[in-house]
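# Observations on the three-dimensional arrangement
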Amino acid sequence: MNQTPRGFKMQESANEPKEVQEVFDWYKTNFGFVPNLTKVMSASPAALRSYWLSQQQLSQYGTLTPEEHNIIQMAVAVENRCKYCASGHQMAGGAFFGSDENDLKAIRNESEIPNDKFEALRGFALEVYESKGRISDKSLKEFYSVGYDKSQAIEVITNIGVKVMSNLTNQLTMTEVDEPFVPIAEGLFENESQYR
């Protein structure tokens, strides 16, 4: 398929702007392909680079682990019923970040994560998201009590921000799930067909 049902491109052209081509090349080098989300986002190079660079900054300068970033982003994707991102993060968690399969299944199924610290992280992230940041002192202290700190509380917000960018983009444009994670996406939110 060359474009989404709403006419956003899902293919590369021979003359991408250099600011877009740089991002495409990074994905090819690091993942072996350019995800459909990346192609769709390239309709706005500013949005594409904002998303990509934010992810890069979290990876390079964040104090949460890559696995923890992924847990937050997958939890938000599940909360937003974004099949594209939820399945992508489930695959990435297993393939790139060494996540326990049971932890990923728990996030997908919205059940308790077996790892207590990760469950606290997921719960805090969703509370921040749902309350629009207006959490209680008690919730913040509980987040600190399992070993997280102030900088990581802000990183939670940054992870939420980048995931909202991609989740809403996928819903607006009707992005098709990439072939590598089609099997993972099967059955996900199956009774909620309005979500992609």
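Residues numbered from 1 in each chain as written. Predicted model: local features only at pLDDT ≥ 70, side-chain atom pairs only at ≥ 80, totals over all residues. Heavy atoms only, no water.

### Here's the deal with the environment of Thr173
- In this fold, Thr173 is placed in helix α9 (residues 150–173).
- A residue is classified by how much of its surface remains accessible, and Thr173, at 2% relative accessible area, is buried.
- Separated by 152 residues in sequence, Thr173 and Gln21 have C-alpha atoms that sit 21 Å apart.
- Apart from residues no more than four positions distant in its own chain, Thr173 is found in contact with Thr4, Pro5, Arg6, Phe8 and Val40.
- A polar side-chain atom of Thr173 sits 2.8 Å from the main-chain carbonyl oxygen of Thr169. (Helix = DSSP H or I, 4+ residues; strand = E, 2+ residues; numbered from the N terminus. Buried < 20%, exposed > 50% of the residue type's maximum accessible area, 1.4 Å probe, protein only. Contact = heavy atoms within 4.5 Å. Polar contact = N/O pair within 3.5 Å; in protein donor to acceptor, adjacent residues only side chain to side chain.)

### Remarks on the nonpolar core
- In this structure, Ile72, Tyr84, Ile107, Leu121, Phe143 and Val156 are the most contacted members of the largest nonpolar core, which totals 44 residues.
- Broken down by secondary-structure element, the contributors of at least two residues to this core are α1 (18–31), α2 (36–41), α3 (45–61), α4 (66–79), α5 (83–95), α6 (101–109), α7 (116–130) and α9.
- Looking at this core, the element that brings in the most residues is α4, giving seven residues.
- Look past the residues within four positions of Phe143 in its chain and what remains in contact with it is Leu121, Phe124, Tyr148, Asp149, Gln152, Ala153 and Val156. (Core = buried A, V, L, I, M, F, W, Y, C linked by side-chain atoms within 4.5 Å.)

### Overview of the packing of aromatic side chains
- Counting across every chain of the model gives 10 aromatic pairs.
- Aromatic ring contacts, followed pair by pair, group Trp26, Tyr27, Phe31, Trp52, Phe96 and Phe97 into a single cluster.
- One cation-aromatic arrangement involves Lys117 over Tyr148; the distance from NZ or CZ to the ring centre is 4.6 Å. (Phe/Tyr/Trp six-rings, centres within 6.5 Å; stacked < 30°, edge-to-face > 60°. Lys NZ or Arg CZ within 6 Å of the ring centre and 35° of its normal.)

### Examining the pattern of salt bridges
- Inspection of the entire model under this criterion finds seven salt bridges.
- Between Glu12 and Lys28 there is a salt bridge whose closest N-O contact spans 2.8 Å. Placement of the pair is Glu12 in the segment before α1 and Lys28 in helix α1, with a sequence separation of 16 residues.
- Relative accessible area serves as the criterion here: at 35%, Glu12 is assigned to the partly exposed category.
- What makes Lys28 partly exposed here is its relative accessible area of 36%. (Salt bridge = Lys/Arg side-chain N within 4 Å of Asp/Glu carboxyl O.)

### With respect to the environment of Lys18
- Topologically, Lys18 is positioned in helix α1.
- Classification of Lys18 as exposed rests on a relative accessible area of 72%.
- In sequence terms Lys18 and Pro45 are 27 residues apart; their C-alpha atoms lie 9.7 Å from each other.

### Section: the side chain of Glu67
- Locating Glu67 in the fold gives a position in helix α4.
- Lys117 provides the closest opposite charge to the buried, salt-bridge-free Glu67, at an N-O distance of 10 Å.
- Within the structure, Glu67 has its side chain in polar contact with the side chain of Ser99 (distance 3.4 Å).
- Apart from residues lying up to four places away in sequence, Glu67 is in contact with Phe97, Gly98, Ser99, Asp100 and Phe118. (Lys, Arg positive; Asp, Glu negative; His and termini not counted.)

### Considering unusual backbone geometry
- Its identity as a non-glycine residue notwithstanding, Arg81 has a phi of 55 degrees, on the positive side.
- Take Arg81: it is sitting in the loop between α4 and α5.
- Phi is positive for Lys132, close to 55 degrees, though the residue is something other than glycine.
- With respect to the helices and strands, the residue Lys132 is situated in the loop between α7 and α8 (137–145).

### Notes on α7
- Its 15 residues give α7 an end-to-end C-alpha distance of 21 Å, which sits within 8% of 21 Å, the value for a rise of 1.5 Å per residue.
- For α7, the full list of buried residues reads Phe118, Leu121, Arg122, Phe124, Ala125, Leu126 and Val128.
- Close packing links the buried residues of α7 with α4, α6, α8 and α9.
- Two to three positions downstream of the cap, the backbone nitrogen of Lys117 sits 3.0 Å from a side-chain oxygen, assigning the N-cap of α7 to Asn115.
- One or two positions beyond α7, positive phi appears at Lys132, with a value near 55 degrees. (Expected span 1.5 Å × (residues − 1).)

Keep in mind that these numbers describe shape and distance, not what the molecule does.
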